[in-house]
Amino acid sequence: MSRAFAKPIVVVSKCLEFEACRYNGERIASSFIERLEPHVRFRPVCPEVEIGLGTPRDPIRIYSQGEQKALFQPSTRKHLTRRMNAFSRRYLEGLEEVDGFILKAKSPSCAITDARIFPTPGSEEQIAQGAGLFAGAALEAFGSRAFVDETGLSEPAARENFLTRIFALAAFREVKESGRADRLARYHAENKLLFMAYDQETMREMGRVAANHEKQTFGEAASAYESALLRLLTRSPTRATWVNALTHAVGHLSEKVSARDKARFLDAMEEYREGKIPLGEPLEILREWISRLGSEYLGKQTIFEPYPSVLGGQSRPALICGVRSE
């Protein structure tokens, strides 16, 4: 079971694998980013270098300025807020399309959630954590896209969610570029079970848009569909929604599967629901049935391969342990 994938567009902190541009002159090696590179279109950026800070450079820090964040370099006493905000705005406005961001954790420019924040420029006592200035601007402009830092990439759940989202968004971008209603309908049909695992009601809403009974123009339908897609992908599947989606999947094979095999699958689903086994086990049962018994519909469903298998293997580690319980 293998399919072709559109290449997502991903902004990445340049110090992660690409260039030795950290404040201390180092590069952070990332075997996962190296493995991901052939499958995406990376847009490496180092906001601190872009605003004229050298490599290596003295550390910069965020301090609180009322309800705003300010950027300061203690050793030179330079205030860098305006420069960073201007670069962030210019860079992000120049991104015509983007599917995701891989950013450096704890960075005053790129941290998504864990940059240290101080009460004053000279204080040594941290009062909070939050987004770096560049990451904060990116979240404001593209918050419905996929965001992860290098620590998240080491966690199966966060990595799975990120990969699933960026490849779903990249595939939809190709649909938009085609301008064809039949491509939109096919995209929805092939993603139906995956989207059901995220949120069944939103999936049905998207199905009505794709069917286009109201005879909207393609642009209108694609815009409405994209809004729902972005909303859907911000959710996280639960054990209950995975059980629901895979139970729907097995319904397409019910006439071909023996009672004994069906009972084995239902037992596996119950064990998964109770947290006794990983999701990979019932998924693998279905993959084996599709291979052995054949199903044109299920063979095209992205739920069984939401991103290139070389990026995570067939075990789908985050599908195994990364769902919320319900």
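Before reading on, note that the structure itself is shown above.
The structure reproduced in this document is the subject of the present report. (Residues numbered from 1 in each chain as written. Predicted model: local features only at pLDDT ≥ 70, side-chain atom pairs only at ≥ 80, totals over all residues. Heavy atoms only, no water.)

Here the focus is the sheet that holds strand β1 (residues 9-13). Across the sheet, four strands lie side by side as β2-β1-β6-β9; this open sheet has parallel pairing. Both outer strands of the open sheet, β2 (41-45) and β9 (146-149), are each paired with one neighbouring strand and no more. The sheet shows a mean angle of 20 degrees between the axes of neighbouring strands, direction not considered. Helix α6 (residues 156-178) contacts β1, β2, β6 (100-103) and β9 of the sheet and is inclined by roughly 145 degrees relative to β9. (Pairing = 2+ DSSP bridges. Helix = DSSP H or I, 4+ residues; strand = E, 2+ residues; numbered from the N terminus. Axes fitted to C-alpha atoms, helices over the stretch in contact; angles between N-to-C directions. Contact = heavy atoms within 4.5 Å.)

Moving on, we get to the packing of helix α7 (residues 181-198) against helix α8 (residues 200-211). At a minimum axis distance of 8 Å, the contact between α7 and α8 shows a crossing angle of 170 degrees. Considering the angle they form, α7 stands roughly antiparallel to α8. For the pair formed by α7 and α8, the contact residues are Leu184, Ala185, His188, Lys192, Phe195, Met196 and Tyr198 on the first element and Gln200, Met203, Met206, Gly207 and Ala210 on the second. Tallied by class, the residues present in the contact of α7 with α8 amount to eight nonpolar, three polar and one charged. (Parallel < 35°, antiparallel > 145°, perpendicular 65-115°, else oblique. Nonpolar A, V, L, I, M, F, W, Y, C, P; charged D, E, K, R; others polar.)

In this section: the sheet that holds strand β5 (residues 78-79). Pairing in this open sheet of five strands is mixed, and the strands run β5-β4-β3-β7-β8 from one edge to the other. Unpaired on one side and paired on the other, β5 and β8 (128-130) mark the two borders of the sheet. As paired strands, strand β7 (residues 115-118) and β8 are joined by three bridges and run antiparallel to one another. Bridge pairing in β8 links Arg116 to Gln129.

With that settled, the discussion passes to α6. Here α6 is 23 residues long and its end C-alpha atoms lie 33 Å apart, about the 33 Å a rise of 1.5 Å per residue gives. At the exit of α6 stands Gly179, carrying a positive phi of roughly 70 degrees. (Expected span 1.5 Å × (residues − 1).)

With 16 residues, helix α9 (residues 218-233) extends 22 Å between its outermost C-alpha atoms, agreeing within 8% with the 22 Å of an ideal straight helix rising 1.5 Å per residue. The set of residues buried in α9 consists of Phe218, Ala221, Ala222, Tyr225, Glu226, Ala228, Leu229, Leu230, Leu232 and Leu233. On its buried side, α9 packs onto α6, α7 and α8. (Buried < 20%, exposed > 50% of the residue type's maximum accessible area, 1.4 Å probe, protein only.)

Turning our attention to the nonpolar core. Of all hydrophobic cores here, the largest spans 47 residues; its most connected members are Phe195, Tyr225 and Leu229. Contributions of two or more residues to this core are made by α6, α7, α8, α9, α10 (239-251), α11 (259-273) and α12 (280-293). Ranked by residue count, the leading element in this core is α9, at nine residues. If we ignore the near neighbours within four places in the chain, the residues touching Leu229 are Leu169, Phe172, Tyr187, Phe195 and Met206. (Core = buried A, V, L, I, M, F, W, Y, C linked by side-chain atoms within 4.5 Å.)

Summed over the entire model, instances satisfying the criterion amount to 13 aromatic pairs. Measuring from ring centre to ring centre gives 5.3 Å for Phe18 and Phe42, while their planes differ by 80 degrees; the resulting arrangement is edge-to-face. Within this pair, whereas Phe18 is found in the loop between β1 and α1 (31-36), its partner Phe42 is found in strand β2, the two being separated by 24 residues in sequence. Put simply, the rings of Phe172, Tyr187, Phe195 and Tyr225 pair up and form one aromatic cluster. The ring of Phe118 has Arg61 sitting right over it, with the charged end atom 3.9 Å from the ring centre. Seen from the ring of Phe32, Arg159 lies directly overhead, with NZ or CZ sitting 5.8 Å from the centre. (Phe/Tyr/Trp six-rings, centres within 6.5 Å; stacked < 30°, edge-to-face > 60°. Lys NZ or Arg CZ within 6 Å of the ring centre and 35° of its normal.)

Let us now look at unusual backbone geometry. Cis rather than trans, the peptide bond between Thr55 and Pro56 has omega equal to -5 degrees. For Pro56, the position within the fold is in the loop between α2 (47-50) and β3 (61-65). Phi at Lys106 is positive, roughly 65 degrees, even though this residue is not glycine. Counting through the fold element by element, Lys106 comes out in the loop between β6 and β7. A relative accessible area of 61% places Lys106 in the exposed class. A positive phi angle, close to 60 degrees, is found at Lys215, a residue other than glycine. If you trace the backbone, Lys215 turns up in the loop between α8 and α9.

What follows deals with the packing of α7 against α10. Put simply, α7 and α10 touch, their axes get as near as 7 Å, and they point 155 degrees apart. Put simply, α7 runs roughly antiparallel to α10. With respect to the hand of their crossing, α7 and α10 are arranged in right-handed fashion. Facing Leu193, Leu194, Met196 and Ala197 of α7, the residues of α10 in contact are Thr241, Trp242, Asn244, Ala245, His248 and Ala249. (Left-handed = near helix turned anticlockwise from the far one by under 90°.)

The subject of this paragraph is the side chain of Arg173. Mapped onto the elements, Arg173 comes out in helix α6. Using a relative accessible area of 5% as the deciding quantity, one classes Arg173 as buried. The residues contacting Arg173, other than those within four sequence positions of it, are Lys7, Pro8, Ile9, Arg41, Glu97 and Asp99.

Turning our attention to the environment of Asp114. Checked against the element boundaries, Asp114 lands in the loop between β6 and β7. With 17 residues separating them along the chain, Asp114 and Glu97 place their C-alpha atoms 26 Å apart. Sequence-distant contacts of Asp114, that is, excluding residues within four places in its chain, are made with Ala105, Lys106, Gln129, Gly130 and Asp149. Within polar-contact distance, the side chain of Asp114 engages the backbone nitrogen of Lys106 at 2.7 Å. (Polar contact = N/O pair within 3.5 Å; in protein donor to acceptor, adjacent residues only side chain to side chain.)

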